[in-house]
Amino acid sequence: MKTYTPARLRLTAVVAENLSLYLVLIGVFVLMFVLNGEKFIRSQNLISMAYQLPIVGLLAIGMMISMLSGGINLSIIATANLNGIIIALCLQQFSAQGMKLASIELVLLAVLLGFLTCVLVGVVNGLLISLLKIPDILVTLGTMTLIAGLNVVFTRGYTLSGFPDTLLNIGNGVSFGVPNALLLFIVASVIASIILNKTRFGFSLYMMGSNPTAAQYANVSLVKITVMQYIFSSAFAALTSLVMVGQLNSVKASYADSYLLVAVLAAFLGKVSPFGGFGRVSGVVLAVIILQMISSGLNLLRLDPFTITATWGAIIIGIVVFRGIFSQLKAHFASRRNAS
């Protein structure tokens, strides 16, 4: 008779939970291979996917974290751009030799200041939501608009470029034959999974999303958890910014605006509940890989960006409709079983 360790049981549960995503992943791969042929599996395309995937992946995990309580973080893209702009302005202001030749110490200081700025955004979002009981979507829409305006003011609408190699290596370098951006995404995903599944904060966050009243009776500080949640989400915006800086060698107030839709889509596709209380990092990672395959496949077909954006919207509608029909059928069959 076989015996299963707790770790093996958890792994089996995760695989079973994400089985539909694995099937979709296989189906999308086959479809894109049929449409594009060998171009889809050429090393050049696979490397390109490895560089592009971390940006959407980090944003999607940051979005997932905000959704676990039933909320959303619409300010995540603006926060990422603000982080990069703060880093650029600090390097320009304090580097006597110019931003390109800034010392490692100055780069670390600039990155720290950018990260603290993101933390401040998370604190403001968390306090407004938890103390004033304002819906997440309104608070983060407000902070998104505010930060986007400040980004334009700080940059005067220009693109800031010419970062030192130390920063460029984060998003554009390679270690052990693997893009640094992909390694960063993998490490960040593992850390996020551990925090959400193995810590008191993660347990409290899931409980708050499932049943806020029960969480209060369990002595969970909703204010504290909400603030920590949005700080955690903003931290992923900061990581995304470092990857974008490395790959683009520039920052701008409006970079990656279209990625907000993709981040929400990845969270939905990864089985994160919009009502809170359910969602795993592993599901979001699989969803990001699926979406990256679709994006790369459509790009190889020479479709214009507007068609690709429309495709994301169609996928979101399809997911919502499918889940709605599935929920109604599940409730219908459950009621019939109870009646019998």
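Residues numbered from 1 in each chain as written. Predicted model: local features only at pLDDT ≥ 70, side-chain atom pairs only at ≥ 80, totals over all residues. Heavy atoms only, no water.

As annotated in an unreviewed UniProt entry, the protein chain is ABC transporter permease from Pantoea osteomyelitidis. Reading the Sequence similarities (unreviewed entry) entry of the UniProt record for the protein chain gives the comment "Belongs to the binding-protein-dependent transport system permease family. AraH/RbsC subfamily." Quoted verbatim from the Subcellular location (unreviewed entry) field of the UniProt record, the comment on the protein chain reads "Cell inner membrane". (UniProt positions renumbered as here; feature names shortened; annotations may be inferred.)

A. Highlighting the overall build of the protein chain. Assigned secondary structure in the protein chain consists of 14 helices and 4 strands. Compactness check: the protein chain gives a C-alpha radius of gyration of 21 Å against a globular reference of 20 Å for 340 residues, within 12% of the reference. Judged by the C-alpha coordinates and their principal axes, the protein chain covers about 80 × 55 × 45 Å. Within the protein chain, the fraction of its 340 residues that count as buried is 45%. Partitioning the contacts of the protein chain with sequence separation of at least 6, the portion at a separation of at least 24 is 78%. (Helix = DSSP H or I, 4+ residues; strand = E, 2+ residues; numbered from the N terminus. Rg over C-alpha atoms; globule rule 2.2 N^0.38 Å. Buried < 20%, exposed > 50% of the residue type's maximum accessible area, 1.4 Å probe, protein only. Contact = heavy atoms within 4.5 Å.)

B. Expanded view of a nonpolar patch on the surface. The grouping of L19, Y22, L23, I26, F29, V30, F33, V34 and I41 at the surface amounts to a nonpolar patch, some 820 Å² of accessible area in total. If you trace the backbone, Y22 turns up in helix α2 (residues 19-36). (Patch = residues over 30% accessible without salt bridge, like charges linked within 9 Å, V, L, I, M, F, W, Y side chains within 5 Å. Areas by Shrake-Rupley, 256 points an atom, 1.4 Å probe, with all protein chains shown as cover. Salt bridge = Lys/Arg side-chain N within 4 Å of Asp/Glu carboxyl O.)

C. The packing of α2 against helix α13 (residues 281-300), seen in detail. The N-to-C vectors of α2 and α13 enclose an angle of 10°; their axes lie 10 Å apart at closest approach. As summarised for this structure, α2 and α13 are arranged roughly parallel, according to the angle between their axes. Contacts between α2 and α13 pair L21, Y22, V24, L25, V28, F29, M32 and N36 from the former with G283, L286, I289, I290, M293, I294, G297, L298 and L300 from the latter. Tallied by class, the residues present in the contact of α2 with α13 amount to 14 nonpolar, 3 polar and no charged. (Axes fitted to C-alpha atoms, helices over the stretch in contact; angles between N-to-C directions. Parallel < 35°, antiparallel > 145°, perpendicular 65-115°, else oblique. Nonpolar A, V, L, I, M, F, W, Y, C, P; charged D, E, K, R; others polar.)

D. Structural detail: unusual backbone geometry. Despite not being glycine, R156 shows a phi value in the positive range, around 55°. Of note, R156 is situated in the loop between α6 (136-155) and β1 (160-161). Of note in this structure, R302 is not a glycine but carries a positive phi near 65°. Turning to its location among the elements, R302 is positioned in the loop between α13 and α14 (305-339). What makes R302 exposed here is its relative accessible area of 76%.

E. Representation of the pattern of salt bridges within the structure. One pass over the full model with this rule turns up 1 salt bridge. Two residues, D165 and K100, come together in a salt bridge whose shortest N-O distance is 3.1 Å. With D165 in helix α7 (residues 165-172) and K100 in the loop between α4 (76-94) and α5 (104-131), the pair connects residues that are 65 residues apart, well separated along the chain. Relative accessible area serves as the criterion here: at 51%, D165 is assigned to the exposed category. Residue K100 is classed as partly exposed on the basis of its relative accessible area of 40%.

F. α13, seen in detail. Its 20 residues place the ends of α13 29 Å apart at the C-alpha level, agreeing with the 28 Å of an ideal helix rising 1.5 Å per residue. Counted residue by residue, α13 has 15 buried out of 20 residues, so it is predominantly covered. (Expected span 1.5 Å × (residues − 1).)

G. Structural context of the packing of aromatic side chains. Under the criterion given, the structure shown has 3 aromatic pairs. Grouping aromatic residues by their ring pairs yields a cluster made of F201, F232 and F236. (Phe/Tyr/Trp six-rings, centres within 6.5 Å; stacked < 30°, edge-to-face > 60°.)

H. Just the packing of helix α3 (residues 43-67) against helix α12 (residues 259-269), in detail. Interaxial distance between α3 and α12 falls to 8 Å at its minimum, and their mutual angle equals 65°. Note that α3 runs across α12; the crossing there is right-handed. Here I55, V56, L59, A60, M63 and M67 of α3 come into contact with α12, specifically with Y259, L260, V262, A263, V264, A266, A267 and F268. Partitioned by chemical class, the residues of the contact of α3 with α12 number 14 nonpolar, no polar and no charged. (Left-handed = near helix turned anticlockwise from the far one by under 90°.)

I. Molecular detail of α7. Listed as buried for α7 are L167, L168 and G171. Taken down its axis, α7 places every buried residue within 100° of arc, on the same side. Buried-residue contacts for α7 involve α3, α4, α5, α8 (180-198) and α11 (222-248). (Arc of directions from axis to C-beta.)

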